[in-house]
Protein chains: 2
Amino acid sequence: MSESKDIQKVTETITGPHQVNPYGPNPGDFLSNVNNFQLIDSTLREGEQFANAFFDTEKKIEIAKALDDFGVDYIELTSPVASEQSRKDCEAICKLGLKAKILTHIRCHMDDARVAVETGVDGVDVVIGTSKFLRQYSHGKDMNYIAKSAVEVIEFVKSKGIEIRFSSEDSFRSDLVDLLNIYKTVDKIGVNRVGIADTVGCANPRQVYELIRTLKSVVSCDIECHFHNDTGCAIANAYCALEGGARLIDVSVLGIGERNGITPLGGLMARMIVAAPEYVKSKYKLHKIRDIENLVAEAVEVNIPFNNPITGFCAFTHKAGIHAKAILANPSTYEILDPHDFGMKRYIHFANRLTGWNAIKSRVDQLNLNLTDDQVKEVTAKIKKMGDIRPLNIDDVDSIIKDFHTGLATPAIKPVDLTTEEPAAKKTKYSK
Amino acid sequence: MSESKDIQKVTETITGPHQVNPYGPNPGDFLSNVNNFQLIDSTLREGEQFANAFFDTEKKIEIAKALDDFGVDYIELTSPVASEQSRKDCEAICKLGLKAKILTHIRCHMDDARVAVETGVDGVDVVIGTSKFLRQYSHGKDMNYIAKSAVEVIEFVKSKGIEIRFSSEDSFRSDLVDLLNIYKTVDKIGVNRVGIADTVGCANPRQVYELIRTLKSVVSCDIECHFHNDTGCAIANAYCALEGGARLIDVSVLGIGERNGITPLGGLMARMIVAAPEYVKSKYKLHKIRDIENLVAEAVEVNIPFNNPITGFCAFTHKAGIHAKAILANPSTYEILDPHDFGMKRYIHFANRLTGWNAIKSRVDQLNLNLTDDQVKEVTAKIKKMGDIRPLNIDDVDSIIKDFHTGLATPAIKPVDLTTEEPAAKKTKYSK
């Protein structure tokens, strides 16, 4: 094929949602894959580009098995041409017989493709930089060259009966017409997926939605998205991409990757369970998230961030008095996520000056003491006063309550269980 | 006023962007405050609701001064009715004479309002739950009661010459007509701001944009937004709120707050500097972010998350060979944030099996050795081979390079500086 035929302007053929029957389904609902998405876990590719990552073969296999058990649809591995051991590890993981499909990630070059197809992978992810920055400072090629290389590599990989994805790199700083042209070209020759990558983490949610919706009108294959988290939008961008019609999201455990990483597996699950609870709960083993995060955190020697969605130490801790009151009455008042869906527990933090009498009443009940509401309010005032002076722990609060109780004219008839040391929500009748 | 007059259906008066002259400015651009936003830092209110937070007076003052120096527009403090010390601390911070305006945050109740106006604050933030959850399980009041209380509190605070914000709580699970009605009512009686709060962290970016855009057509006062981060969208939601016409965003240092917190100050700065670089750089002292985060992290006894935007230990670390190559040629290829804007440095991680010869060449130059490109490629292959066997550090790589150099038939004429231990990017002529 001549180069001029490979690249044809496609703008005139774009059929945007504005052409849809206005009395038909809402275009947004029609395009959305929020209820029908797939996960490509890239902990063993993007994650290997995290500063601290060094996975030996045994650790890679352990992580791959854990991800497979969790239910990810694809597992992406480092290019077999990165190093000799990378190639051997790729072959070893392909032989495990996992349910998840195994992918490897290569440059858009026949040298890489020839090695990749021999490893036993189910699919090859091809990437090439299309932004003016990458074309100038990385590979130095123009769009015609990129398209020509892409066609050659794609047809070769397809001829081996292996899945193929073609992705641009730095898609959000690439020329829109160039992008749509090359995606249309590779879609026509039958790629399984095209990929949009926010390689530098610059994209914002509404921009993502618009680009995906436009691309969706140009290609018939699935769309995969890859979002870096430099500006903190990687989860939100993934969500908006699904709303716009993308089908697959690249994730990694704890989001590890180049710089501060990509869309995290756990964080995306928190987002998606709110939007598509039945789909998410039926497809993925959510209670395994904590174990998988601990496995990877230990391997790359980081701590779980204190504010991590789901597994951060305080993700289900309620502190302010008015919050604690409502949570005790109905957890949905201040929780969009149910900790039990993730094998976690809720905790009412009552030992502090922001506490309220409802939280203290719950503790009084746990301690099996009889106090009237007015008495609970009185002891709560004492606790808040002490909390003004210094940080309190559960023992401090219990001592104040017990002292108060002992000092009452009419002591309780019930025996006091002094051994109770459970967090408030654990035993209360109010907790789900 | 009778209750029936307080609450009037306002849907018929909403003038949505579809009524705007189609040849006029893009409604999105017209509404956007991306280039004109303000920050309300709530580290000393929302942040005090973080599980680990106990700030004594001295620490509160230190944090308030640091935030003021950074340039936040408002500093929000815990309610003076939360505890006796909370009231005293509020008064003490009001007396500091900071540039930032001081706010306190109270329930929509005259008991609270009477205390708040005596503390010396510049403004009072009033909040009440409007979702069916909070109306049922928290305060048990209906919308008429809420509107009546709001009007009483607002008129009282205004009569004292103090700024007033009225916010709903759990806005995204509240009835839209109820919400618009009460906001229209309080706007008419002259509040300075209305607030939208995603109290449970359930909102998604396009939903935020739509709600703010609708609200913008109903009220003439400023709109403030407060986003919890349970599903990882707090930064993105803040950005989309500004696009939709909100003017003020609630943040806290490291995002500390109830559960896993709210929009983080640093993360939002990362997002905003990409969208509005001149505005952000001229208004806020970005190089202070690291110090402020360290101050608060130490006070609440947490570590800076490894993947924190800007200040995470690897936020500006580049590892993969193709990334390092392009970064050395032009940092913009793989960086949307310039580390120097934040007083940070870039680091090229070259001691690993994913390294490329461009990164190693940069290290060879630092070591002041003379190697041809072919020689650098040869030694890079040796380094990648060693990197397959075990994690490498800089000393390992330097030893391999120096051994290789010593073994050459034509040794370099330049003297070798054996003391150099700097990260690759620090000295190279390529770094900005």
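Every value quoted in this text rests on a predicted model; they were computed, and no experiment measured them.

Asker: For this particular structure, what's the right way to read the relation of the copies chain A and chain B?
Answerer: The second copy of the chain is related to the first by a rotation about an axis and a shift along the axis. Between chain A and chain B, which share one sequence, the superposing operator has a rotation angle of 180 degrees and an axial displacement of 0.0 Å; the RMSD is 0.1 Å. The symmetry that links the two subunits is that of a two-fold axis. Scanning chain A for the C-alpha nearest the rotation axis identifies A:Pro305, at a separation of 2.3 Å.

Asker: Please explain the environment of A:Arg107 as it appears in this structure.
Answerer: All names here are of chain A. Take Arg 107: it is sitting in strand 3 (residues 101-107). We classify Arg 107 as partly exposed; its relative accessible area is 45%. For the pair formed by Arg 107 and Ile 128, sequence separation is 21 residues and the distance between their alpha carbons is 6.3 Å. There is a polar contact of 2.9 Å between the side chain of Arg 107 and the side chain of Asp 112.

Asker: What exactly am I supposed to notice about the interface of chain A and chain B here?
Answerer: Quite often, the size of an interface is put as the accessible area lost when its parts meet. Contacts between chain A and chain B engage 85 residues on the former and 85 residues on the latter. Both sides of the chain A and chain B interface together cover about 7,400 Å² of buried area, and 59% of this is carbon and sulfur. At the boundary of chain A and chain B, one finds four salt bridges. B:Arg353 serves as the salt-bridge partner of A:Glu48, at 2.5 Å between the closest nitrogen and oxygen. Seen at the junction of chain A and chain B, the total is 34 residue pairs in polar contact (both at pLDDT 80 or more). Among the elements of the structure, helix 4 (84-94), helix 6 (132-137), helix 9 (205-216), helix 10 (234-244), helix 11 (265-275), strand 9 (317-318), helix 14 (321-329) and helix 16 (373-389) of chain A are those that each provide at least two residues to the side of chain A that touches chain B. Here the side of chain A that touches chain B is built from residues that sort into 40 nonpolar, 25 polar and 20 charged.

Asker: Explanation requested: the sheet that holds strand 1 (residues 38-41) of chain B in the structure shown.
Answerer: Two modes of strand pairing occur in sheets, parallel and antiparallel, and in both the strands are linked by backbone hydrogen bonds. Residue and element names in this part refer to chain B. In space, the eight strands of this closed barrel follow the order 1-2-3-4-5-6-7-8, with parallel pairing throughout. Strand-to-strand twist in this sheet, taken as the mean axis angle between neighbours without regard to direction, amounts to 25 degrees. Bridge count for strand 3 (residues 101-107) against strand 4 (residues 123-129) is five bridges, and the pairing is parallel. For Thr 104, the partnering residue across the bridge sits in strand 4 and is Val 124.

Asker: Is there a simple way to explain the pattern of salt bridges in this structure?
Answerer: Proximity of charged atoms lets side chains of opposite charge pair with each other. Applying the stated rule across the entire model yields 62 salt bridges over all chains. Two residues, A:Arg193 and A:Glu224, come together in a salt bridge whose shortest N-O distance is 2.9 Å. You can see A:Arg193 sitting in strand 6 (residues 193-198) and its partner A:Glu224 sitting in strand 7 (residues 222-227), a full 31 residues away along the chain. Considered together, A:Arg193 and A:Glu224 belong to a single accessibility category, that of buried residues. Across the salt bridge formed by B:Glu91 and B:Arg87, the nearest N and O atoms sit 2.8 Å from each other. One end of the pair, B:Glu91, and the other, B:Arg87, are both in helix 4 (residues 84-94), four residues apart, so they sit about a helical turn from each other. For B:Arg87, a relative accessible area of 22% translates into the label partly exposed. Several salt bridges share partner residues, and in doing so they unite A:Lys101, A:Asp125, A:Glu163, A:Arg165, A:Arg193 and A:Glu224 into one network.

Asker: Is there a simple way to think about the packing of aromatic side chains in this case?
Answerer: Geometrically, a pair of aromatic rings is defined through the distance of the ring centres and the angle of the planes. All names here are of chain B. Considering all chains together, one arrives at 14 aromatic pairs over all chains under this definition. On the basis of an interplanar angle of 15 degrees and a centroid distance of 5.5 Å, the ring pair of Phe 70 and Tyr 284 is categorised as stacked. Taken together, the residues span a long stretch of sequence, with Phe 70 in helix 3 (residues 57-70) and Tyr 284 in the loop between helix 12 (277-283) and helix 13 (289-299) at a distance of 214 residues. In this structure, Phe 70 and Tyr 284 share a single accessibility class: buried. When the centroid spacing of 6.4 Å and the interplanar angle of 35 degrees are considered together, the rings of Phe 172 and Phe 227 count as tilted.

Asker: Mind showing me how you'd approach the domain arrangement of chain A here?
Answerer: All names here are of chain A. Split by domain assignment, chain A resolves into domain 1 (22-299) and domain 2 (317-407). Taken together, the eight residues of domain 1 in the interface contact six residues of domain 2. Across the interface of domain 1 and domain 2, roughly 620 Å² is buried in total on both sides, 70% from carbon and sulfur atoms. For the pair domain 1 and domain 2, the interface holds one salt bridge. In this structure, the salt-bridge partner of Lys 281 is Asp 341, at a minimum N-O distance of 3.7 Å. Our count for the domain 1 to domain 2 interface comes out at one residue pair in polar contact (both at pLDDT 80 or more). Taken together, the elements giving at least two residues each to the side of domain 1 that touches domain 2 come down to helix 11 and helix 13 (289-299). With three residues, the single largest contributor to the side of domain 1 that touches domain 2 is helix 11. Along the lines of polarity and charge, the residues of the side of domain 1 that touches domain 2 split into five nonpolar, one polar and two charged.

Asker: Before we go on, may I ask you to explain the side chain of A:Asn229 in this structure?
Answerer: All names here are of chain A. For Asn 229, the location among the structural elements is in the loop between strand 7 and helix 10. Under the relative-accessibility criterion, Asn 229 is labelled buried at 16%. A distance of 3.2 Å separates the side chain of Asn 229 from the backbone nitrogen of Cys 233, its partner in a polar contact.

Asker: It is not clear to me how the UniProt feature "domain: Pyruvate carboxyltransferase" (unreviewed entry) in chain A should be interpreted in this structure. Could you clarify?
Answerer: Annotation from UniProt places "domain: Pyruvate carboxyltransferase" (unreviewed entry) at residues 37-290 of chain A. With 44% helix and 18% strand, residues 37-290 of chain A has end C-alpha atoms that lie 22 Å from one another.

Asker: I keep staring at the state of the cysteines and nothing clicks. Help me out?
Answerer: Linking two cysteines covalently via their sulfur atoms produces the bond known as a disulfide. Per the stated rule, a full pass over the model turns up zero disulfides over all chains. Counting only cysteine sulfurs, A:Cys94 is the nearest neighbor of A:Cys90, a cysteine outside any disulfide, at a range of 4.5 Å. Assessed through its relative accessible area of 1%, A:Cys90 is described here as buried. Note on A:Cys314: no disulfide assigned, nearest cysteine sulfur contributed by B:Cys233 at a separation of 18 Å.

Asker: Teacher, can you tell me more about the side chain of B:Arg193 here?
Answerer: A residue is classified by how much of its surface remains accessible, and B:Arg193, at 3% relative accessible area, is buried. Ignoring anything within four residues of it in the chain, the contact list for B:Arg193 reads B:Ile40, B:Tyr74, B:Leu103, B:Asp125, B:Glu163, B:Ile164, B:Arg165, B:Phe166, B:Cys221, B:Asp222, B:Glu224 and B:Leu248.

Asker: What am I meant to see in the packing of helix 10 of chain A against helix 11 of chain A here?
Answerer: All names here are of chain A. Look at helix 10 against helix 11: their axes get within 9 Å of each other, and the N-to-C directions meet at 40 degrees. As judged from the angle between their axes, helix 10 and helix 11 are oblique. The handedness of the crossing between helix 10 and helix 11 comes out as right-handed. Packed against helix 10, whose contacting residues are Ile 235, Ala 238, Tyr 239 and Leu 242, the element helix 11 presents Gly 267, Leu 268, Arg 271, Met 272 and Ala 275 at the interface. Residue classes in the contact of helix 10 with helix 11 are distributed as seven nonpolar, one polar and one charged.

Asker: Teacher, can you tell me more about the nonpolar core here?
Answerer: Grouped burial of nonpolar side chains is what soluble globular proteins tend to show. In this structure, A:Phe166 and B:Phe166 are the most contacted members of the largest nonpolar core, which totals 214 residues. For this core, the element with the most residues is helix 7 (residues 143-159) of chain B, which contributes nine residues.

Asker: Got a minute to help me understand the packing of helix 16 of chain A against helix 17 (residues 394-406) of chain A in this structure?
Answerer: Angle between the axes and distance between the axes: these two values describe a pair of packed helices. Residues and elements named next belong to chain A. Remark: helix 16 packs on helix 17, axes separated minimally by 10 Å, with the N-to-C direction vectors making an angle of 140 degrees. As far as their axial angle goes, helix 17 and helix 16 are oblique. Pair helix 16 / helix 17 crosses with right-handed handedness. Residue-level inspection shows Gln 375, Glu 378, Val 379, Lys 382, Ile 383 and Met 386 of helix 16 in contact with helix 17, the latter providing Val 397, Ile 400, Ile 401 and Phe 404. Class assignment of the residues belonging to the contact of helix 16 with helix 17 gives a composition of seven nonpolar, one polar and two charged.

Procedures and definitions
Residues numbered from 1 in each chain as written. Chains lettered and ligands numbered in written order. Predicted model: local features only at pLDDT ≥ 70, side-chain atom pairs only at ≥ 80, totals over all residues. Heavy atoms only, no water. Least-squares fit on C-alpha atoms with pLDDT ≥ 70 in both. Helix = DSSP H or I, 4+ residues; strand = E, 2+ residues; numbered from the N terminus. Buried < 20%, exposed > 50% of the residue type's maximum accessible area, 1.4 Å probe, protein only. Polar contact = N/O pair within 3.5 Å; in protein donor to acceptor, adjacent residues only side chain to side chain. Contact = heavy atoms within 4.5 Å. Buried area = accessible area lost by both parts, 1.4 Å probe. Salt bridge = Lys/Arg side-chain N within 4 Å of Asp/Glu carboxyl O. Nonpolar A, V, L, I, M, F, W, Y, C, P; charged D, E, K, R; others polar. Pairing = 2+ DSSP bridges. Axes fitted to C-alpha atoms, helices over the stretch in contact; angles between N-to-C directions. Phe/Tyr/Trp six-rings, centres within 6.5 Å; stacked < 30°, edge-to-face > 60°. Domains from an automatic or database assignment. UniProt positions renumbered as here; feature names shortened; annotations may be inferred. Disulfide = S-S within 2.5 Å. Parallel < 35°, antiparallel > 145°, perpendicular 65-115°, else oblique. Left-handed = near helix turned anticlockwise from the far one by under 90°. Core = buried A, V, L, I, M, F, W, Y, C linked by side-chain atoms within 4.5 Å.

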